[in-house]
Amino acid sequence: MTGIDTLLHEERVIQATETFKDNANYSDESLYIEAKTDRLGFWANRAKDLQWVKNWDQVLDWQRPNAKWFVGGQLNASTNCLDVHLETRKNKTAIIWEGELGEVKTYTYEDLHHQVCKLANTLKTQFNIQKGDRITLYMPMIPELAISVLACARIGAIHSVVFGGFSADSLQNRIQDSESKLLITADGGYRRGKIVPLKQIVDEAIAVGCPTLKSVIVVSHIGEESNTTLLKGRDFDYHTVIKESSDSCAPEPMDSEDPLFILYTSGTTGKPKGIVHTTGGYLTHAKYSTKAVFDLKEDDIYWCTADIGWITGHTYLVYGPLANGATVLMYEGTPDYPDKNRFWDIIERHKVSIFYTAPTAIRAFMKWGDDHINQHDISSLRLLGTVGEPINPEAWMWYYEVIGGSRCPVVDTWWQTETGGIMLSNLPAINPMKPGSAGLPLPGIEAKVLNPDGSDVTVGGGLLSITEPWPSMLRGVWGDPGRFNSTYWKKFDTYYAGDGATIDPDGYYMVLGRVDDVLNVAGHRIGTMEVESTLVEFPGVAEAAVVGMPDEIKGQAIVGFVILKESFEPNDQTKAELCEFVAKKIGAIARPKKIVFTPDLPKTRSGKIMRRILKNIAEGKEIGDTTTLASPEIVTLLQERF
Ligand code: WT7
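Here we take up the overall build of the protein. For the protein, the helix and strand inventory stands at 21 helices and 31 strands. Taken over C-alpha atoms, the radius of gyration comes to 24 Å for the protein, in line with the 26 Å a tight globule of 642 residues would show. Counting only C-alpha atoms, the protein reaches 75 × 70 × 55 Å along its principal axes. When the 642 residues of the protein are sorted by exposure, 60% land in the buried category. Look at the contacts in the protein between residues 6 or more apart in sequence, and 71% of them connect residues 24 or more apart. Total accessible area computed for the protein in this model is approximately 24,300 Å², and 49% of it derives from carbon and sulfur atoms.

If you want it as structure tokens, here you go:
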């Protein structure tokens, strides 16, 4: 089924080394065969790798679009990441944490268990947090973030992690949408040598209005320099409140379908969606996919560079690797601080063997040059992964050759916040690699490329769809069932991913990128509508349209076409102020790279903005038919100004 014969006739098909294959967790087709023969039985077998308090009665209850997996089963996610290891891995390192300033802390599975229990008890007894309550986590990449995630899971509180780069407004929106009762933050975080004043941003968010929020727990990470003040009765110091709490805490038995977390992601409207994941199915897929895709073994040092604020950090930094009893590296800062050697230095010092990062980072490393890498011994690496956006074959080859020494297989993993875990990826010892292609659906996952009318594309391009329910699929959009239906289940009978893709004669998928009004900037999803609605909040803006333009490093960058009100000057200062305004309102990841002032936008006679035309301008493509425009001459002007 892997079509190796056809592959061998093509260019640039790369096989894992014999050494890798000989030692791999999965080196034959047995998982594929098992899944093809009995898909639900296959998933039940994966679920059996978890510890359940109560067995399920039914593997899947599928009432499109609502899935229930392992119905009637009960388990706890934190138990499966911690307690299950206490017998055999008590003294094994669970987390190696390195701060941007260079300090290193390690936690054994026993340490982590104690810390999680202490916080869990604190949340229950001192803050009256109950099963089902929502807790927002707005933190830097410090161990307390992983601990907080697991402490929520232990007591059945639903965590909503908000990436520490988001603004006060974005944070406030997410706190209120989830109606969080409690927030855990830090006095600040380090990023590229600067302090990100997280607590101050929290205070700003609360000032905007967070009526449901009763308490804030603050980790002192920066210390005095952060100038943090705690408001009496509302704000509490993390290490003080957990101090007296017991380090053993009985885990809350959770129904398989009880929500584990909410994670907000951008969509095609101005409002982000709270993607809901549940416990049993999510953890089943997280544990299985980590072991299969990354070939995770007992003595690996596994490093996923994603922030826990994104889904990659949830599934492949916390839940997946810890459920497998792995040693996980967690790094607070950026790859270029204090200099561009940082990552290679970390890999060398900690002997990282599995490295999972994003194409935007790979392209940046490539640009920085091989010298930084050559100064370090990174031969501990044995497997590389990429995620978040399409990877161009050139960057893929560089990653494979320079970082992997042509020795480490590269897994290109396609998935989404909504899918909870990896959907498309080769199993590294089994399927030959084709640079730029994610490869095959994982065993247990069924995918297709579809034409817009829903018919199959056997070879060629179309829209990507996951065609059978899978355990870690999203269960809904928090508080908005209508949006769940219309976004994912209206276009096709099967799950609509919003990505364009091609499929080749070997069944390999190449994911090309979003086909909706969502951009992918440095692997982060941003809705064009979010940026547009922010731009028009700026006092001088009459109208705005946002599209993506190709960017050498970030994949895509944001371009805003802006009509100013008459009394405002279309000068560079206004441009800079606008960009700053967006960064302040949404977060730095949404800062436009380019603003083009224009007296008008390409619109139909009924007044609808024709984004297709703006996209083509931004991508430097042929403009196409402009006859339906109210004033076609605007196109030439925009091309000149771009
Ligand atoms: C979107 C999902 C999944 C974790 C990180 C992003 C794009 C993701 C790949 C890949 C091509 C990819 C898609 C997808 N994407 N991985 N390997 N090849 N594109 O999660 O923020 O939910 O974004 O990222 O466009 O829809 P996310």
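Let's pick the thread back up.
Let us now look at the site of the ligand. As a matter of local geometry, the ligand sits amid 17 residues, with Asp 412, Thr 413, Thr 417, Asp 499 and Arg 525 nearest to it. Between the ligand and the protein, one listed contact pairs a nitrogen atom with a backbone N or O atom of Glu 389 at 3.4 Å. The separation between an oxygen atom of the ligand and a polar side-chain atom of Asn 520 is 3.4 Å. Of all elements in the fold, only helix H12 (311-323), strand S20 (410-413) and strand S26 (509-514) reach the threshold of two or more residues within the shell around the ligand. Looking at side-chain class alone, the shell around the ligand contains 6 nonpolar, 6 polar and 5 charged residues.

This part is about the pattern of salt bridges. For the coordinates displayed, the defined rule picks out 37 salt bridges. A salt bridge links Arg 89 to Glu 298; the shortest N-O distance between them is 2.7 Å. Taken together, the positions of Arg 89 in the loop between helix H5 (77-81) and strand S4 (93-98) and Glu 298 in the loop between helix H11 (280-293) and strand S16 (301-304) put the pair 209 residues apart, joining distant regions of the chain. What emerges from the salt-bridge pattern is a single network uniting Glu 98, Arg 342, Asp 345 and Arg 349.

What follows deals with the sheet that holds strand S22 (residues 456-457). Read from one edge to the other, the open sheet built from 5 strands follows the order S22-S21-S23-S25-S26, with strand pairing classed as antiparallel. Lying at the two open borders of the sheet, with one neighbouring strand each, are S22 and S26.

This part takes up the packing of helix H20 (residues 611-618) against helix H21 (residues 634-641). Viewed as axis vectors pointing N to C, H20 and H21 meet at an angle of 30 degrees, and their least axial separation amounts to 10 Å. With respect to H21, the axis of H20 lies roughly parallel. For the element pair H20 and H21, the recorded crossing hand is right-handed. For the pair formed by H20 and H21, the contact residues are Ile 613, Leu 614 and Ile 617 on the first element and Val 635, Leu 638 and Gln 639 on the second. Here the residues of the contact of H20 with H21 sort into 5 nonpolar, 1 polar and no charged.

This part is about the sheet that holds S16. Here 7 strands make up an open sheet; going across it, the order is S5-S4-S17-S16-S18-S19-S20 and the pairing mixed. Strands at the two margins of the open sheet, each flanked by one partner only, are strand S5 (104-108) and S20. The average angle at which neighbouring strand axes cross in this sheet is 20 degrees, direction not considered. Its contacts with the sheet place H12 against S4, S16, strand S17 (327-331), strand S18 (354-357) and strand S19 (383-387), and it is angled at close to 160 degrees to S16. Against the sheet, helix H16 (residues 393-403) engages S18, S19 and S20, with an angle of about 155 degrees to S19.

Three or more residues of H16 are buried, namely Ala 395, Trp 396, Met 397, Trp 398, Tyr 399, Tyr 400 and Ile 403. Directly after H16, the chain includes Gly 405, whose backbone phi takes a positive value near 55 degrees.

Moving on, we get to helix H14 (residues 359-368). Counted residue by residue, H14 has 7 buried out of 10 residues, so it is predominantly covered. Of all the residues in H14, the buried ones are Pro 359, Thr 360, Ala 361, Ile 362, Arg 363, Ala 364 and Phe 365. Immediately beyond the C-terminal end of H14, within one or two residues, lies Gly 369, with a positive phi of roughly 95 degrees.

The next point concerns unusual backbone geometry. Among all residues save glycine, negative phi is the norm, and among peptide bonds the norm is trans. Cis geometry is found at the peptide bond from Arg 64 to Pro 65, where omega equals 0 degrees. Note that Pro 65 resides in the loop between strand S1 (58-63) and strand S2 (66-71). For the bond running from Tyr 337 to Pro 338, omega is 0 degrees, close enough to zero to count as cis. Along the chain, Pro 338 turns up in the loop between S17 and helix H13 (342-350). In this structure, Phe 70 takes a positive phi of about 55 degrees despite not being glycine. Note on placement: Phe 70 falls in strand S2. The buried category is assigned to Phe 70, whose relative accessible area is 0%. Even without being glycine, Asn 128 reaches a positive phi, approximately 55 degrees. Within the element layout of this structure, Asn 128 appears in the loop between helix H6 (109-125) and strand S6 (134-138).

Judged by nonpolar contacts, the single largest core of 160 residues is most densely connected at Leu 123, Ile 184, Phe 294 and Tyr 319. If one sorts the elements of this core by residue count, helix H7 (residues 143-155) sits on top with 9 residues. Those residues within four positions of Phe 294 in sequence are excluded, and the remaining contacts are Ser 289, Tyr 302, Tyr 316, Ile 354, Tyr 356, Arg 382, Leu 383, Val 411 and Ile 422. Among the nonpolar cores identified, the runner-up in size contains 30 residues, and Ile 391, Trp 396, Trp 398 and Ile 403 belong to it.

Relative to the helices and strands, Arg 39 is located in helix H4 (residues 39-47). Here Arg 39 sits buried without a salt bridge, and the closest side chain of opposite charge, Glu 468, lies 4.3 Å off (N-O distance). Engagement of the side chain of Arg 39 in a polar contact is seen with the backbone oxygen of Pro 469, the distance being 2.5 Å. What Arg 39 contacts, discounting residues up to four positions off in sequence, is Trp 69, Gly 444, Glu 446, Glu 468 and Pro 469.

Attention now goes to the confidence of the model for the protein. The pLDDT averaged across the protein works out to 96; a share of 98% of its residues lies at or above 70. Taken element by element, the predicted model of the protein shows its lowest mean pLDDT in helix H1 (residues 4-8) (45) and its highest in H7 (99). Segment residues 1-9: pLDDT under 50, and 20 contacts once partners within four positions in sequence are set aside and those in other chains are kept.

Let's shift gears to the pairing of S4. The buried fraction of S4 is high, at 5 of 6 residues. Relative to S5, S4 runs antiparallel, the two being bridged by 5 bridges. Across the sheet, Ile 96 pairs through a bridge with Thr 106, a residue of S5. As paired elements, S4 and S17 share 4 bridges and run parallel to each other.

The rules behind these values
Residues numbered from 1 in each chain as written. Predicted model: local features only at pLDDT ≥ 70, side-chain atom pairs only at ≥ 80, totals over all residues. Heavy atoms only, no water. Helix = DSSP H or I, 4+ residues; strand = E, 2+ residues; numbered from the N terminus. Rg over C-alpha atoms; globule rule 2.2 N^0.38 Å. Buried < 20%, exposed > 50% of the residue type's maximum accessible area, 1.4 Å probe, protein only. Contact = heavy atoms within 4.5 Å. Areas by Shrake-Rupley, 256 points an atom, 1.4 Å probe, with all protein chains shown as cover. Near = heavy atom within 4 Å. Polar contact = N/O pair within 3.5 Å; in protein donor to acceptor, adjacent residues only side chain to side chain. Nonpolar A, V, L, I, M, F, W, Y, C, P; charged D, E, K, R; others polar. Salt bridge = Lys/Arg side-chain N within 4 Å of Asp/Glu carboxyl O. Pairing = 2+ DSSP bridges. Axes fitted to C-alpha atoms, helices over the stretch in contact; angles between N-to-C directions. Parallel < 35°, antiparallel > 145°, perpendicular 65-115°, else oblique. Left-handed = near helix turned anticlockwise from the far one by under 90°. Core = buried A, V, L, I, M, F, W, Y, C linked by side-chain atoms within 4.5 Å. Lys, Arg positive; Asp, Glu negative; His and termini not counted. pLDDT = per-residue confidence, 0-100.

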